[in-house]
Amino acid sequence: VQLQASGGGLVQAGDSLRLSCAASGRTFSSYGMGWFRQAPGKERVFVARISRSGGRTDYADSVKGRFTISRDNAKNTVYLQMNSLKPEDTAVYYCAADPTPRLRVGVRDPNDYLYWGQGTQVTVSS
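Quick caveat, the model's predicted, so the values are computed rather than measured.

Draft legend 1. The arrangement of the pattern of salt bridges in detail. Taken as a whole and judged by the stated rule, the model has seven salt bridges. Salt-bridge contacts for aspartate 89 lead to arginine 37; the nearest nitrogen and oxygen are separated by 2.9 Å. With aspartate 89 in the loop between strand S8 (77–82) and strand S9 (91–98) and arginine 37 in strand S4 (residues 32–38), this residue pair connects regions lying 52 residues apart in the sequence. Neither residue differs from the other here; aspartate 89 and arginine 37 are each classed as buried. Salt bridges sharing common partners tie together Arg49, Asp98, Arg102 and Asp112.

Below you can see the structure in the form of structure tokens.
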């Protein structure tokens, strides 16, 4: 599967952005989908994950209550709605697909994701 992330940009603290990740192929609904982010000089870290059906989600504590992950399997797209953005949210955001069936939604290790998008830059000014 190929993933194409979009929707990043430069915003002010407190603003909102919605990231999208469009997937190719006809098996999108068979993948757990995640969002990760990587700030300059730092490791790539987990942000959010959604189960294949969209019924279960998991969030990093740093974004819980501010970010919402969702998916539209008919459109082969996963979204990340980001509200109340903070300067520390500044990073390149990546979407990723996990083809392995999981009993739990809390899959946060980047190594568990097989396919990655190219990343979209989010910059939040103070």
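Draft legend 2. Up close: the state of the cysteines. Summed over the entire model, instances satisfying the criterion amount to one disulfide. Put simply, cysteine 21 and cysteine 95 are joined by a disulfide, and their sulfur atoms are 2.1 Å apart. Disulfide cysteine 21-cysteine 95: torsion about the S-S bond near 65 degrees, hence right-handed. Here cysteine 95 lies in strand S9 and cysteine 21 lies in strand S3 (residues 17–23), a separation of 74 residues in the sequence.

Draft legend 3. Structural context of the nonpolar core. Counting 34 residues, the largest nonpolar core has Met33, Trp35, Leu80, Met82 and Tyr93 as the members making the most contacts within it. Elements with a contribution of two residues or more to this core: strand S1 (3–6), S3, S4, strand S5 (45–50), strand S7 (67–72), S8, S9 and strand S11 (120–125). In terms of residue count, the dominant contributor to this core is S9 (five residues). In this structure, leucine 80 is in contact with Leu17, Arg18, Leu19, Trp35, Val47, Ala48, Phe67, Thr68, Ile69 and Tyr93, ignoring residues within four places of it in sequence.

Draft legend 4. Region of interest: the pairing of S5. Counting buried positions over the six residues of S5 gives five, a clear majority of the element. As paired strands, S4 and S5 are joined by five bridges and run antiparallel to one another. By the bridge assignment for S5, glycine 34 is matched with arginine 49. Two successive antiparallel strands, S4 and S5, enclose a turn made up of six residues, where glycine 41 displays a positive phi of approximately 75 degrees. Alignment of S5 against strand S6 (residues 57–59), held across three bridges, turns out to be antiparallel.

Each value, and the rule that gives it
- Residues numbered from 1 in each chain as written.
- Predicted model: local features only at pLDDT ≥ 70, side-chain atom pairs only at ≥ 80, totals over all residues.
- Heavy atoms only, no water.
- Salt bridge = Lys/Arg side-chain N within 4 Å of Asp/Glu carboxyl O.
- Helix = DSSP H or I, 4+ residues; strand = E, 2+ residues; numbered from the N terminus.
- Buried < 20%, exposed > 50% of the residue type's maximum accessible area, 1.4 Å probe, protein only.
- Disulfide = S-S within 2.5 Å.
- Core = buried A, V, L, I, M, F, W, Y, C linked by side-chain atoms within 4.5 Å.
- Contact = heavy atoms within 4.5 Å.
- Pairing = 2+ DSSP bridges.

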